[in-house]
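So you can see what is in the structure, the chains are spelled out below.
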Amino acid sequence: MNGLLETAHPDLVQRARIALGSRNLVLVGLMGAGKSAIGRLLAHSLSVPFIDSDHEIERVSRMSITDLFAAYGEDEFRALEGRVLKRLLKTGPRVVSTGGGAFINERTRRHIKRGGLTVWLKADIDVLWERVNKRDTRPLLKTENPRQTLENLMNTRYPIYAEADLTVQSRDVRKEIIAEAVLAAIAASADKQT
Ligand SMILES: Nc1ncnc2c1ncn2[C@@H]1O[C@H](COP(=O)(O)OP(=O)(O)OP(=O)(O)O)[C@@H](O)[C@H]1O
Ligand SMILES: O=C(O)C1=C[C@@H](O)[C@@H](O)[C@H](O)C1
Ligand SMILES: [Mg+2]
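Keep in mind that what you see is a predicted model, and the values were worked out from it rather than measured.

Focus on the nonpolar core
If you look at the biggest cluster of nonpolar residues, it comprises 60 residues, and the most contacted ones within it are Leu25, Leu42 and Leu46. Per-element accounting of this core gives the leading share, eight residues, to helix H5 (residues 65-88). In this structure, leucine 25 is in contact with Leu20, Leu42, Leu46, Arg94, Val95, Val96, Leu117, Val119 and Ile186, ignoring residues within four places of it in sequence.

Here's what the structure looks like:
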């Protein structure tokens, strides 16, 4: 699947894996930043399990995110998201991709910070919009002007995502390149501490 990560940079993978230790690697960031896609690649190359909190919520509730929002509202969704993440983060190492709003909720953010090494996948509006406008599975973007809504979310959320341990720019390049940048950031952060 991700031969590039495995064959071209085994040293980088190993350094990142050692730096992670038994901690979870938790990806945070806005819808479309690539948390799910990049998280899957990272888990594969680090040889640790991958979990996506949105998928886990859908699995335990047996409902889609869209239906959960419609039936119970955002507050209930956030409460469920917090409980699911608290449980997921008890065991490591894993790669955990969070839903876009998880790190924004104060309580859930505390669980996430306690449970692992956090990486913010940061992207600009054009990259995000290009990716999210293809599907209509994101309830928060069902507005008259979803691109403007996304920009508003960037303005309110970016200062909070910035609390993550590491930030990696998610650009319009192949997913493997972004995954590799995450591994490099993790390895470099461990180098700084020694
Ligand atoms: N570097 C990339 N190059 C091309 N496509 C990408 C890249 N990263 C992500 N994508 C694609 O963009 C879309 C959104 O990515 P993804 O679902 O991983 O975002 P997300 O951060 O998990 O969003 P959400 O918070 O809504 O779950 C997907 O179709 C994914 O395959
Ligand atoms: O940014 C958000 O608040 C969300 C992002 C998605 O991952 C889902 O968790 C849901 O659509 C809410
Ligand atoms: Mg996702």
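And the narrative resumes.
Details of the UniProt feature "binding site: ATP" (unreviewed entry) in the protein
The sites that UniProt annotates as "binding site: ATP" (unreviewed entry) are Gly32, Ala33, Gly34, Lys35, Ser36, Ala37 and Arg138. Residues within four places of glycine 34 in sequence aside, it is in contact with Gly39, Leu121 and Arg131. Note that lysine 35 resides in helix H3 (residues 35-46). Take lysine 35: its relative accessible area is 6%, and that puts it in the buried class. Residues contacting lysine 35, with those up to four places away along its chain left out, are Leu27, Val28, Gly29, Leu30, Ser97, Thr98, Gly99, Gly100 and Leu121.

Some details on the pairing of strand S4 (residues 116-122)
A large share of S4 lies buried, amounting to six of its seven residues. The pairing of strand S1 (residues 24-28) with S4 spans five bridges and is classified as parallel. Residue leucine 27 lies in a different strand from S4, and its bridge partner there is valine 119. Pairing of S4 with strand S5 (residues 166-169), which is carried by four bridges, proceeds in the parallel orientation.

What about the UniProt feature "binding site: Mg(2+)" (unreviewed entry) in the protein?
Residues given the UniProt feature "binding site: Mg(2+)" (unreviewed entry) here are Ser36. Inspection of the secondary structure assignment puts serine 36 in helix H3. Once you skip the residues sitting within four places of it in the chain, serine 36 turns out to touch Phe50, Asp52 and Ser97.

Some points on the site of ligand 2
Residues in close proximity to ligand 2 include Met31, Asp54, Ile65, Phe77, Arg78, Gly99, Gly100, Gly101, Pro139, Leu140 and Arg157, which together make up its full environment. Take glycine 101: an N or O atom from its main chain is 3.4 Å from an oxygen atom of ligand 2. Separating an oxygen atom of ligand 2 from a side-chain N or O atom of arginine 157 is a distance of 2.7 Å. The biggest single contributor to the shell around ligand 2 is H5, with three residues.

What counts and how
- Numbering of residues starts from 1 in every chain and runs along the sequence as written.
- Throughout, the order in which chains and ligands are written sets their labels, letters from A for the former and numbers from 1 for the latter.
- Totals for whole chains, interfaces and linings use all residues, but because this is a predicted model, local features are given only for residues with pLDDT of at least 70 and pairs of side-chain atoms are given and counted only at 80 or more.
- Side-chain measures were taken over the full set of non-hydrogen atoms in the model, leaving aside hydrogen atoms and water.
- Throughout, nonpolar core names a set of buried Ala, Val, Leu, Ile, Met, Phe, Trp, Tyr and Cys residues whose side chains join them through atoms within 4.5 Å.
- Burial status follows relative accessibility: with a 1.4 Å probe on protein chains alone, a residue under 20% of its type maximum counts as buried, one over 50% as exposed, and anything between as partly exposed.
- We count a stretch as a helix when DSSP gives it H or I for four or more residues in a row; a strand needs E for two or more, and each element gets its number in order from the N terminus.
- In this analysis, two residues are considered to be in contact whenever any of their non-hydrogen atoms come within 4.5 Å of each other.
- UniProt positions are given in the numbering used here, feature names are shortened, and annotations may be inferred rather than shown by experiment.
- Strand pairing is assigned whenever DSSP identifies at least 2 bridges connecting the two strands.
- Consider each residue's heavy atoms; a residue with any of them within 4 Å of a molecule or strand counts as near.
- The term polar contact refers here to a pair of N or O atoms within 3.5 Å; inside protein, the definition further demands a hydrogen-donor-capable atom paired with an acceptor-capable atom, and it admits residues adjacent in sequence only when both atoms are side-chain atoms.

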